Amino acid sequence: MTLEQFDSMVSSSVPMGHRGQPEEIAATVVFLCSDAASYITGQPLAIDGGYTAS
């Protein structure tokens, strides 16, 4: 399987229509480390473009 085939397979199975980019993961990490997330405790957070919800 080529990288292009893999990318197409993954992208078609994710509701957002694309593989997650490092910047999208990093933005969530930055938020969770900020004061804005100070009241969030012990919660699993799926950063998967809606894959687990579909």
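Structure: see above.
Here is what the cut-offs are and how they apply
Residues numbered from 1 in each chain as written. Predicted model: local features only at pLDDT ≥ 70, side-chain atom pairs only at ≥ 80, totals over all residues. Heavy atoms only, no water. Helix = DSSP H or I, 4+ residues; strand = E, 2+ residues; numbered from the N terminus. Rg over C-alpha atoms; globule rule 2.2 N^0.38 Å. Buried < 20%, exposed > 50% of the residue type's maximum accessible area, 1.4 Å probe, protein only. Contact = heavy atoms within 4.5 Å.

**Q** Quick question: what am I supposed to make of the overall build of the chain here?
**A** Counting its secondary structure elements, the chain contains 2 helices and 0 strands. Against the globule reference of 10 Å for 54 residues, the chain gives a C-alpha radius of gyration of 14 Å, more extended than a compact globule. Counting only C-alpha atoms and orienting by the principal axes, one finds that the chain spans roughly 45 × 20 × 15 Å. The proportion of buried residues among the 54 residues of the chain is 7%.

**Q** How do you make sense of the side chain of Ser11 when you look at a structure like this?
**A** Locating Ser11 in the fold gives a position in helix H1 (residues 3–13). The exposure class assigned to Ser11 is buried, which follows from its relative accessible area of 14%. The contact partners of Ser11, leaving out residues within four places of it in the chain, are Gly17, His18 and Arg19.

**Q** It is not clear to me how the environment of Leu45 should be interpreted in this structure. Could you clarify?
**A** With respect to the helices and strands, Leu45 occurs in the segment after helix H2 (22–32). Along the chain, Leu45 and Thr28 lie 17 residues apart, while their C-alpha atoms are 9.3 Å from each other. Contacts of Leu45, omitting those with residues within four sequence positions, involve Thr28 and Leu32.

**Q** Sorry, what's going on with the environment of Arg19 here?
**A** With respect to the secondary-structure elements, Arg19 resides in the loop between H1 and H2. With relative accessibility at 34%, the residue Arg19 sits in the partly exposed group. Along the sequence, Arg19 and Asp7 sit 12 residues apart, while their C-alpha atoms lie 7.2 Å from each other. Discounting chain neighbours no more than four positions away, the residues touching Arg19 are Phe6, Asp7, Val10, Ser11 and Glu24.

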